[in-house]
Amino acid sequence: MAGIGRPTFNLVDHDGLAVTEATYTGLWLLVYFGFTHCRVVCPRSLSRLTRVLDSLPEQLSAALQPLYISVDPERDRPDVMKQYLEHRYPRFTGLTGSPEQVEAAKGAFRIFAQRKPDPDDPDGYAVPHTSFAYLIGPDGCYVTHWAETRSEDEISSDLKQRLVSS
């Protein structure tokens with residue numbers, strides 16, 4: 001995806017610690033944007049990515065940090081992210097922040113996300129968003145991304161090949 005280059009962010013992890021892309025220097029990053037109130041796309045994607053991560057040999061897995069960045073900072077506070085992830089997708093670290101911080105991270109990854117009324121929940125809202133899983137190299141540079149339409153096997157094979165050849 002042209003234009004991503006070396007995406008930056010300044011967010012808070014699900015333990016309440018300030019993090020930037022530099023926090024993870026030397027690690028591969030598997031980055032997915034979503035929100036904890038998502039009913040279909042995020043759970044499906046996070047489940048698929050978790051199975052991909054579980055398929056990796058330990059030495060490759062140790063070099064990879066999965067990140068789940070919220071597109072809904074109003075509801076996804078650090079404690080909410082932690083509770084959501086640790087019971088369902090414990091391999092992921094949740095990141096959130098102020099609306100401005102989240103907007104900056106979305107911009108760095110060229111993510112579309114926009115709050116809109118949810119017809120299935122008159123008291124709530126949904127946040128339709130880009131559904132890509134990004135791979136960022138240990139040097140902080142964009143390597144590739146996988147769309148929602150890519151199969152678990154395709155992602156797993158591509159990810160393993162890239163991690164082994166590094």
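Our structure's up above, just so we're on the same page.
Residues numbered from 1 in each chain as written. Predicted model: local features only at pLDDT ≥ 70, side-chain atom pairs only at ≥ 80, totals over all residues. Heavy atoms only, no water.

Trainee: Tell me what's going on with the overall build of the protein chain, and back it up with residues and numbers.
Mentor: A tally of helices and strands in the protein chain yields five helices and nine strands. Helices (α) and strands (β) of the protein chain occur, in sequence order from the N terminus, as β-β-β-α-α-β-α-β-α-β-β-β-β-α. What you see for the protein chain is a C-alpha radius of gyration of 15 Å, in line with the 15 Å of a compact globule of 166 residues. With respect to the principal axes defined by its C-alpha atoms, the protein chain has extents near 50 × 30 × 30 Å. Looking at the protein chain residue by residue over its 166 residues, the buried ones come to 49%. Restricting to contacts in the protein chain with at least 6 residues of sequence separation, those with at least 24 account for 70%. Split by element, the accessible area of the protein chain, about 8,100 Å² in all, is 51% carbon and sulfur. (Helix = DSSP H or I, 4+ residues; strand = E, 2+ residues; numbered from the N terminus. Rg over C-alpha atoms; globule rule 2.2 N^0.38 Å. Buried < 20%, exposed > 50% of the residue type's maximum accessible area, 1.4 Å probe, protein only. Contact = heavy atoms within 4.5 Å. Areas by Shrake-Rupley, 256 points an atom, 1.4 Å probe, with all protein chains shown as cover.)

Trainee: Outline the packing of aromatic side chains, listing residues and values.
Mentor: According to the stated counting rule, one finds seven aromatic pairs in the structure shown. Residues Phe-132 and Tyr-134 carry aromatic rings whose centres are separated by 6.1 Å and whose planes lie at 90 degrees to one another, so their mutual orientation is edge-to-face. On the basis of relative accessibility, which here comes to 0%, the residue Tyr-134 falls in the buried class. Grouped by ring-pair contacts, the aromatic residues Tyr-32, Tyr-68, Tyr-84 and Tyr-89 constitute a single cluster. The cationic tip of Arg-75 hangs over the ring face of Tyr-125; the distance from NZ or CZ to the ring centre is 3.7 Å. Over the aromatic face of Tyr-125 sits the side chain of Arg-115, whose NZ or CZ is 3.5 Å from the ring centroid. (Phe/Tyr/Trp six-rings, centres within 6.5 Å; stacked < 30°, edge-to-face > 60°. Lys NZ or Arg CZ within 6 Å of the ring centre and 35° of its normal.)

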